[in-house]
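Letter by letter, the chains look like this.
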Amino acid sequence: MGEKWREESNGVVVTRACAWSPPGCHPVGCGLKLTTVDGELTKVEGDPEHPITQGRLCPRCLSLKEIVYHKDRILHPLVRDPKDRGKDTWEEISWDDALDLIEMHVNHVKEEWGPESIIGLQGTGREVNEYCFGFTYSALGSPNATFTMSGYSCYGPRTAVADYIVGGGYPELDYAAFFPDRYDDPRYEVPKYIMVWGKNPLYSNGDGLFGHAVIDLMKRGTKLIVIDPRVTWLAAHAEYFLQLRPGTDAIVALAMLNVIINEEIYDHEFVENWCYGFEDLRERVQEYPPERAEDVSWVPRDIIISAARAFANSKPSSILWGLALDTAKNATQGAYAVMSIGAICGYFDVPGGITLATPSPYLGKWQSNALQSLGPELWAKRAVDPEWDGFRMTFASAHPDSLLRYGERETPYPLRMCWFFGTNPLAATAYAEPSRWYNVLMKMEFNVVQDIVMTPTAMAVCDLFLPINTTVEHVGVAYPHFGNNTHMLGAIEDVVTVGNCKSDLEILLWAGHRLNPEMWPWRTPQEFVDDALEPFNMTYKDLQERVTVQQEFHYKKYEKGLLRPDGEPGFNTATGFVELKSTIYPNFGEDALPYYEEPVFSPISMPELAEKYPLILTTGARSIAMFHSEHRQMPSLRAINPNPVVEINPDTAAEYGIEEGDWVALENQYGRCVEKAHVTKGILPGVVHAQHGWWFPEQEAAAPNLFGLWKSDVNSLIPNDHTAIMGLGANYKSTLCSVAKVDSLEG
Ligand SMILES: Nc1nc2c(c(=O)[nH]1)N[C@H]1C(S)=C(S)[C@@H](COP(=O)(O)OP(=O)(O)OC[C@H]3O[C@@H](n4cnc5c(=O)[nH]c(N)nc54)[C@H](O)[C@@H]3O)O[C@H]1N2
Ligand SMILES: Nc1nc2c(c(=O)[nH]1)N[C@H]1C(S)=C(S)[C@@H](COP(=O)(O)OP(=O)(O)OC[C@H]3O[C@@H](n4cnc5c(=O)[nH]c(N)nc54)[C@H](O)[C@@H]3O)O[C@H]1N2
Ligand code: SF4
Ligand SMILES: [Mo]
């Protein structure tokens, strides 16, 4: 230990820093050692002194140099006449002129239609997301900022469950991330089991979790229970593998609860002292014996029973819950059932269990001031359909599916300007049924995008392109779980400069200064970050010198009055207990207890449709080489994943005359897409898994091709408007399709 944050010798400078975005990643804040010579990045290595990643990096950071200096990067602001959308007629413009244009259009749309006609759209949890809602509220003056996945179905359902049921930040695997000595800290205990539920952390490192920690723990004796329709690496190394039909998670979880409750192997003391509604839950789970779960989910009852027993009888154990729980229609019920398992086994906030947290003060004050600046009248105009009170009460955000409908119907008000903050949603990423969004976006007066490369979304519908710099070109702070369970803060560094690119924050500061100077007083990103770090008695400079600062942590916070704002013991829920029976859900027209609901489109819910589209389609399991639609230009990464891949079981492939490497068309009542078949026993017969986010930067940019946007667009098969009652959940990982061999990608 003890290496300095920066060392220089003979003109070679080595800087230790943390990564976030761009290129895309969640705030894992992995440790980088960046070598620069004469202002040029010459080497990227893992930082062995980083407390969490300890020198390890995934291929995307290892190939950072390719991205930083890639020829496709946009190096100057670009503008195009809105009449020319889809044409490659971009022209360079100065930053000042770009800001003039923004000011003009924002003012015009506000005067003509009202500020609510401006919308701010974010994608996944990149750094810009921390600023873009506040910017939409306090600079653009609109209440309509949102994350554009149908049913807000990434992280949203899980955080709603965390808030309402658990009342303790985002519950996360305890991997000793808070402790300098990590696994050797005397307070820590290695989990006996980790239940990996609908997550593939080795590839995804989602939301701030360093996924490789699971392997660290396996080396120390942890065993796995994996719930996934595909045989991932972790599934192949699991003690129990529950290979389920996509979209049936809730029934598997309810059957595990059934076993744990009926066999009396739950933590009686925790349930008695800290849980509300246990008897009601006991009654509810009687409806879900393992036999019924087997029929529905295809997981053999014996495996459900043995996995439930192993988990409950092995203290401490933990749960990693992933995106597959969000991207189901009854997301808030599936995730609820899964967290209830953790609760009744007594694994919350114990060493080696499931960590809970209170919100991090980083940026909190600024975000809340920005929201307040809107005023109640404008806030009331936020696009959220009336039946989605659950959403309205939970998220300081517009609802993406409501916004789409407002845009389509032009009522109660039209949408006229869009600002894309780090999202490429037409490219089979955030949007379901993307062509519907395309039509709405084409009606806008003016669309602005901040990105690093020309994307299909920018080429199709944007008028002003603001080029941003990468994670090694600007100052910032990485903080895992976006403040919901933050084990460390990490310094993002500006070690090189490329072109005339600016950081997201710098652009927003400039634009904010023009549009609402009172709310945007900061002159530089560093000033802004210094202010945000004030609650930590730290400046950016202090963080830079320390590189990472681990946060303090206490186990069993519920016993010590550390979870609730009133300082009383208990959980930060309405009752003060973990709510095994929710006191809030019924207010939103939702059942107070977890239940199972078939996916909207499945052989059981739609047997006639399934005759035409007989296969179950799950999508978007992460590729290690790609972050959603990103990285398709990078030679080292494209070599790992050169084509869009659809995984098919050998039996299913034989039935349809498909062989390894064939191009195949997937089709359903919503749309069609072409991908390359990978025939593998790693997926259940009758189920196919298709990659998402595909476009082809090497193809023609201009419309109608738009970098091949619509060719491998699996999201054109995913329905919108099918969220659950609370407005949370969607169908990205469970719908129906047919498969047929075609000649080529063009097929
Ligand atoms: N490399 C890389 N990393 C990423 C991203 C990326 O694009 N690339 N994206 C980031 C984002 S935004 C997110 S949200 C996270 C998500 O990361 P994760 O939470 O890990 O989610 P996925 O990788 O989408 O899916 C995880 C697993 O769910 C399985 N699965 C599919 N359908 C079902 C189902 O119905 N039930 C169950 N139980 N399992 C199912 C898949 O087979 C897959 O193995 O990753 C983040 N990290
Ligand atoms: N079928 C299917 N579709 C899915 C999923 C699935 O599992 N299946 N997963 C979904 C999930 S969980 C999510 S979160 C969405 C994600 O959806 P999006 O976030 O829209 O994903 P991307 O297409 O990668 O868009 C990100 C864009 O922002 C740029 N970018 C990267 N970092 C930054 C940054 O720091 N600042 C700025 N300004 N730009 C940046 C990138 O170059 C890229 O063009 O996709 C969803 N789509
Ligand atoms: S998860 Fe991978 S891409 Fe993301 S910061 Fe860590 S090493 Fe980099
Ligand atoms: Mo996501």
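Residues numbered from 1 in each chain as written. Chains lettered and ligands numbered in written order. Predicted model: local features only at pLDDT ≥ 70, side-chain atom pairs only at ≥ 80, totals over all residues. Heavy atoms only, no water.

## Thoughts on the overall build of the protein
So, step 1. Scanning the protein for helices and strands turns up 28 helices and 28 strands.
So, step 2. Oriented by its inertia axes, the alpha-carbon framework of the protein measures out at about 70 × 60 × 55 Å.
So, step 3. Within the span of the protein, comprising 747 residues, buried residues form 67% of the whole.
So, step 4. For the protein, contacts bridging at least 24 residues in sequence account for 74% of all contacts bridging at least 6.
So, step 5. Entry remark: accessible area of the protein is about 25100 Å², with carbon and sulfur atoms responsible for 50%.
So, step 6. Of the side-chain charges in the protein, 62 are positive and 100 negative, and the distance between the mean point of each set is 2 Å. (Helix = DSSP H or I, 4+ residues; strand = E, 2+ residues; numbered from the N terminus. Buried < 20%, exposed > 50% of the residue type's maximum accessible area, 1.4 Å probe, protein only. Contact = heavy atoms within 4.5 Å. Areas by Shrake-Rupley, 256 points an atom, 1.4 Å probe, with all protein chains shown as cover. Lys, Arg positive; Asp, Glu negative; His and termini not counted. Charge placed at Lys NZ, Arg CZ, Asp CG, Glu CD.)

## Describing the site of ligand 1
So, step 1. Taken together, 31 residues form the shell around ligand 1, and within it Ser204, Asp228, Asp249, Met626 and His628 come nearest.
So, step 2. At a separation of 2.8 Å, a nitrogen atom of ligand 1 approaches a polar backbone atom of Ser623.
So, step 3. In isolation ligand 1 offers 920 Å² of accessible surface; the protein chains occlude 99% of this area.
So, step 4. Of all the cavities here, the one that holds ligand 1 is the largest cavity.
So, step 5. If you count residues domain by domain, the shell around ligand 1 takes at least three from each of domain 2 (156-358 + 566-588) and domain 3 (607-742). (Near = heavy atom within 4 Å. Polar contact = N/O pair within 3.5 Å; in protein donor to acceptor, adjacent residues only side chain to side chain. 1 Å grid on protein atoms, 1.4 Å probe; cavity = no way out; pocket = protein on both sides within 12 Å on 5 of 7 lines; lining within 4 Å. Sits in = over half its atoms within 2 Å of the grid points. Domains from an automatic or database assignment.)

## Focus on the packing of aromatic side chains
So, step 1. According to the stated counting rule, one finds 44 aromatic pairs in the structure shown.
So, step 2. Considering the side-chain rings of Tyr164 and Phe588, the 5.6 Å spacing of their centres and the 50° angle between planes classify their relative orientation as tilted. Remark: Phe588 occurs in the loop between strand E22 (578-579) and helix H26 (607-612) and Tyr164 occurs in helix H5 (residues 156-166); sequence separation between them is 424 residues.
So, step 3. Using a relative accessible area of 10% as the deciding quantity, one classes Tyr164 as buried. (Phe/Tyr/Trp six-rings, centres within 6.5 Å; stacked < 30°, edge-to-face > 60°.)

## Notes on helix H3 (residues 95-113)
So, step 1. Over its 19 residues, H3 extends 27 Å from the first C-alpha to the last, a length consistent with the 27 Å expected when each residue adds 1.5 Å.
So, step 2. Inspection of H3 places Trp95, Ala98, Leu99, Leu101, Ile102, His105, Val106 and Val109 among the buried residues, and these make up the whole buried set. Along the axis of H3, the buried positions cluster into a sector of 155°, meaning they face one direction only. Exposed positions of H3 whose direction lies more than 90 degrees from the buried face are Glu111 and Glu112.
So, step 3. Looking at the residues trailing H3, positive phi occurs at Gly114, about 105°. (Expected span 1.5 Å × (residues − 1). Arc of directions from axis to C-beta.)

## Things to note about the domain arrangement of the protein
So, step 1. Taken domain by domain, the protein comprises domain 1 (78-148 + 363-470 + 499-535), domain 2 (156-358 + 566-588) and domain 3 (607-742).
So, step 2. Each of domain 1 and domain 3 has a C-alpha centre, and the two are 29 Å apart.
So, step 3. At the junction of the two partners, domain 1 supplies 34 residues and domain 3 supplies 32 residues.
So, step 4. With both chains or domains summed, domain 1 and domain 3 bury close to 2500 Å², and 58% of this area falls on carbon and sulfur atoms.
So, step 5. Of all residues in domain 1, Ala428, Glu433 and Pro456 give up the largest surface area on contact with domain 3, accounting jointly for 20% of the area buried on that side.
So, step 6. Counting across the domain 1 and domain 3 interface gives 3 salt bridges.
So, step 7. Residue Asp721 is joined to Arg405 by a salt bridge in which the shortest nitrogen-to-oxygen separation is 3.4 Å.
So, step 8. Our enumeration of links across domain 1 and domain 3 arrives at 16 residue pairs in polar contact (both at pLDDT 80 or more). (Buried area = accessible area lost by both parts, 1.4 Å probe. Salt bridge = Lys/Arg side-chain N within 4 Å of Asp/Glu carboxyl O.)

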